[in-house]
Amino acid sequence: KRNKFLITKKMQIVALDLETTWLDPKKDTIIEIALVKFDSKTFKIIDTFSTLINPLIPIPELITNICNITDEDVENAPILTEDLMTKIEDFIWDCPILWHNTNFDRDFLLNHEIDVSKNIVLDTFILANIINYEEKSLNLWFLCEKYDIILEWAHRALNDTEATVKLFEKQLIDFKALPSEKKALLSYVFSFTTDKSFEVYKELIW
């Protein structure tokens, strides 16, 4: 289904975020998904897709308190059918996917049969561990505050996704401003991995 990934000057990236009923991708389910497709060079948003999802189970009160999504909000929302899964996969297609703290959302998608197994993974949390390692916290809210990114309604998927795009842009600016010897060292370290994501990072940073 997916074409071999090629780095191009017009590369598009899809930022993604989920809200879920709890933390276990094998037992819990998705209640909201947001996708933001953007140009990797200009960071211009090309397209968005977001929807609440009816989990067919009550949403725990703690989750409602965190993300402000109630049972009433999802009562008439679509369930995660094959049709919706196909829409999500078609939106993403073969684009690299950008997350903040990848493993959580990716595991949820894979456990709910949304195939992102072949997509290159980009992670602002991993970049934060390199460029923002001296900060007291590397969560999305704190990093947005550091970079003066307005994050309204944190823990709603579309807002978090749009904030992640802005954070990614700011992080790349910081990487580009590093002294040449530090960038050379990072390039040397990157050369030891077969992870395709580092090809993308290098293309965007250098």
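Residues numbered from 1 in each chain as written. Predicted model: local features only at pLDDT ≥ 70, side-chain atom pairs only at ≥ 80, totals over all residues. Heavy atoms only, no water.

With that settled, consider the sheet that holds strand S1 (residues 12-20). Spatially, the 5 strands line up as an open sheet ordered S3-S2-S1-S4-S5, and their pairing is mixed. The open sheet has two edge strands, strand S3 (45-52) and strand S5 (121-123), and neither has a second partner. Taken pair by pair, the neighbouring strands of this sheet meet at an average axis angle of 25°, ignoring direction. Both strand S4 (residues 97-99) and S5 contribute to a ladder of 3 bridges, which runs parallel. Looking at the pairing, isoleucine 97 lines up with valine 121 of S5. Its contacts with the sheet put helix H4 (residues 102-111) on S1, strand S2 (30-39), S4 and S5, and the angle it makes with S1 is roughly 80°. Each of S1 and S5 touches helix H9 (residues 197-205); the most contacted strand, S5, lies at about 60° to it. (Pairing = 2+ DSSP bridges. Helix = DSSP H or I, 4+ residues; strand = E, 2+ residues; numbered from the N terminus. Axes fitted to C-alpha atoms, helices over the stretch in contact; angles between N-to-C directions. Contact = heavy atoms within 4.5 Å.)

Counting across every chain of the model gives 5 salt bridges. For glutamate 32, the salt bridge goes to arginine 156, with nearest N and O atoms at 3.0 Å. Taken together, the positions of glutamate 32 in strand S2 and arginine 156 in the loop between helix H6 (140-146) and helix H7 (157-176) put the pair 124 residues apart, joining distant regions of the chain. What makes glutamate 32 buried here is its relative accessible area of 7%. (Salt bridge = Lys/Arg side-chain N within 4 Å of Asp/Glu carboxyl O. Buried < 20%, exposed > 50% of the residue type's maximum accessible area, 1.4 Å probe, protein only.)

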